[in-house]
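Inside the fold
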Amino acid sequence: MSRQPLPEHELKIEALSHEGRGIAHHEGKVVFVDAALPGEVVRAAWIRRQRRFDEARAIEILQASPDRVEPPCPLAGVCGGCSLQHLSNEAQLRYKQQALAEQLRHFGAIEPRSWLPPLRAATLGYRRKARLGVRFVLKKERLLVGFREKHSNFLVDMRSCAVLDERLSQLLPALRQQLEALEARQQIAQIEFAAGDDEVALIFRHLVPLSASDRQHLIEFCTQHGLIAYGQSAGPESVCQLTQTTPTAQDRLHYALPAADLRMAFHPSDFTQIHAFINRAMVDLALDLLDLQPEHRVLDLFCGLGNFTLPLARRVRSVVGVEGSVEMTERAAENARAHGLEHLVFHAENLQQDLQTSVLAGEKFDRILIDPPRSGAEEVMRYLPRWGARRIVYISCNPATLARDAGILAGQGYTLLSAGVMDMFPHTAHVESIAVFVRGT
Ligand SMILES: C[S@@+](CC[C@H](N)C(=O)[O-])C[C@H]1O[C@@H](n2cnc3c(N)ncnc32)[C@H](O)[C@@H]1O
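A brief look at the structure comes next.

About the thresholds
Residues numbered from 1 in each chain as written. Predicted model: local features only at pLDDT ≥ 70, side-chain atom pairs only at ≥ 80, totals over all residues. Helix = DSSP H or I, 4+ residues; strand = E, 2+ residues; numbered from the N terminus. Rg over C-alpha atoms; globule rule 2.2 N^0.38 Å. Buried ≥ 20, exposed ≤ 12 C-beta atoms within 10 Å, placed from the backbone. Contact = placed C-beta atoms within 7 Å. Pairing = 2+ DSSP bridges. Axes fitted to C-alpha atoms, helices over the stretch in contact; angles between N-to-C directions. Right-handed = clockwise from strand over helix to strand, strands pointing away.

Let us look at the overall build of the protein chain. Per the secondary structure count, the protein chain includes nine helices and 22 strands. Taken over the C-alpha trace, the protein chain has a radius of gyration of 24 Å; the compact-globule value for 441 residues is 22 Å, and the two agree within 12%. Taken over the C-alpha atoms alone, the protein chain extends approximately 70 × 60 × 40 Å along its principal axes. Buried positions account for 44% of the 441 residues belonging to the protein chain. Contacts in the protein chain between residues at least 24 apart in sequence constitute 60% of all its contacts with a sequence separation of at least 6.

Right, let's get into the sheet that holds strand β21 (residues 414-422). Pairing in this open sheet of eight strands is mixed, and the strands run β7-β21-β22-β20-β19-β16-β17-β18 from one edge to the other. Whereas interior strands pair on both sides, the edge strands pair on one side only; in this sheet they are β7 (114-115) and β18 (344-348). Where strand β17 (residues 318-323) and β18 come together, five bridges link them in parallel fashion. Each residue of the ladder has a partner; that of Gly321, found in β18, is Phe346. Along the sheet face, helix α7 (residues 326-338) touches β17 and β18 and points at about 170° away from the line of β18.

Turning our eyes to something else, we now look at the sheet that holds strand β9 (residues 142-146). Ordered in space as β9-β8-β10-β11-β12-β13, the six strands form an open sheet in which the pairing is mixed. A strand with exactly one partner marks an edge of an open sheet, and here the two such strands are β9 and β13 (240-241). This element, helix α3 (residues 172-180), spans β8 (129-137), β9 and β10 (188-195) of the sheet and lies at about 135° to β9. The sheet strands contacting helix α4 (residues 212-224) are β11 (200-206) and β12 (228-232), and the helix crosses β12 at an angle near 145°.

As a further point, take the pairing of strand β20 (residues 391-396). Put simply, side chains in a regular strand alternate between the two faces of the sheet. Taking burial as the measure, the six residues of β20 include five buried ones, the bulk of the element. Pairing analysis gives four bridges linking strand β19 (residues 367-370) to β20, with the strands arranged parallel. Bridge pairing in β20 places Ile368 opposite Ile392. At this point the chain moves from β19, through helix α8 (residues 378-383), to the parallel β20, and the crossover so formed is right-handed. Bridging between β20 and strand β22 (residues 432-439) involves six bridges; their strand directions are antiparallel. In the strand pairing of β22, Val393 is matched with Val436.

This part takes up unusual backbone geometry. Located in the positive-phi region is Phe302, a residue other than glycine, with phi close to 60°. The topology assignment puts Phe302 in the loop between β16 (297-301) and α6 (309-315). By C-beta crowding, Phe302 is classed as buried, having 22 other C-beta atoms within 10 Å. Positive phi, normally seen in glycine, also occurs at His427, with a value near 75°. Relative to the helices and strands, His427 resides in the loop between β21 and β22. Its 26 C-beta neighbours within 10 Å are what place His427 among the buried residues.

Laid out in structure tokens, this is it:
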């Protein structure tokens, strides 16, 4: 049976979806349109028909939005890494704040008393963590390194990347060439990239053991370019420097938090915030919004390697950090020791379960900082009033779960005082936000 060719139609774009696509209607059905902005009239080519909606791509802009800009990256139309490069940064932040406001209304039935100005920093070359796919295309005898294309499993042939840290972006052509020359060129599945302020690490995921010569070539390439080479033969626990046989305590990169006079150490596989400059500003803002007093006892939930815990410890009497990963609490304790900080403790505990049996049950805190993963902190919200804190700052990477959790907090007598977006992931549709809750008033 021959498939009907997919159509092209003129569409009026009505809104922007949460993943950054234009939303239009055609013959009563919703169409999500790539590279199209609200208010625009575009000619769109259909990509896919689904039962409840269709997907299309703008191939001609007939009436452009005043918010439209020339994408800074020539690959913006194809690469799945970014979805909003054609939208000005002002407008990106405006839409992100709108999305947060809608979710708060929709899931939590609440509105903040006031909006914080968006937290902003560099919008290009900001990404200090990335996972790049690697594929050797037999037919073309060519190896590709890059993000996935939009709507496909193919990799973009990435010669540079406008949002990646320049230290990696500029190396992409040489890296591609080096990988293509390896004996194991068909068995390198991906490269993870992690950068500190002064060091850059690459983790090569190899599906077969590396030959001595491949290993040597990768070590030499990385040394020549001032990078640290890691190999990964299996799960995350197998990540190890290529020059060594077992992971060592020296496997650390570092980032500074200048306002708190801290130099945080982390392993290249650890969770760290993607945008180092937004992170600095976010930590400072969160501490300000907590309205700390020196005599306070503070709880930092989902504390990771102590990104907020240590700066908090500089300002208050005592801090407790809680985190699900034992390795991360060890890293946090290592960071505390390295700075001679003693009035803070870390617990490894699953915070997405009933907290009545938690090590923290029965404790009291003056302030709480929460920075959960995308799934949010529903169980924490249900237990939270018993800790007695008058003020809470919630950092979120998912407005939907923040809104749900804000709704639960509102039901427990907390008011959403203020909220705002932070430009942690410019040019993508990810929304990072911060919210302040106070009890009573
Ligand atoms: C968004 S990160 C924040 C980390 C840290 N606050 C920072 O700024 O670097 C979320 C953290 O939650 C931790 N986490 C994920 N699921 C968890 C769970 N069920 N219980 C406790 N911690 C969890 C992760 O290991 C990660 O460190």
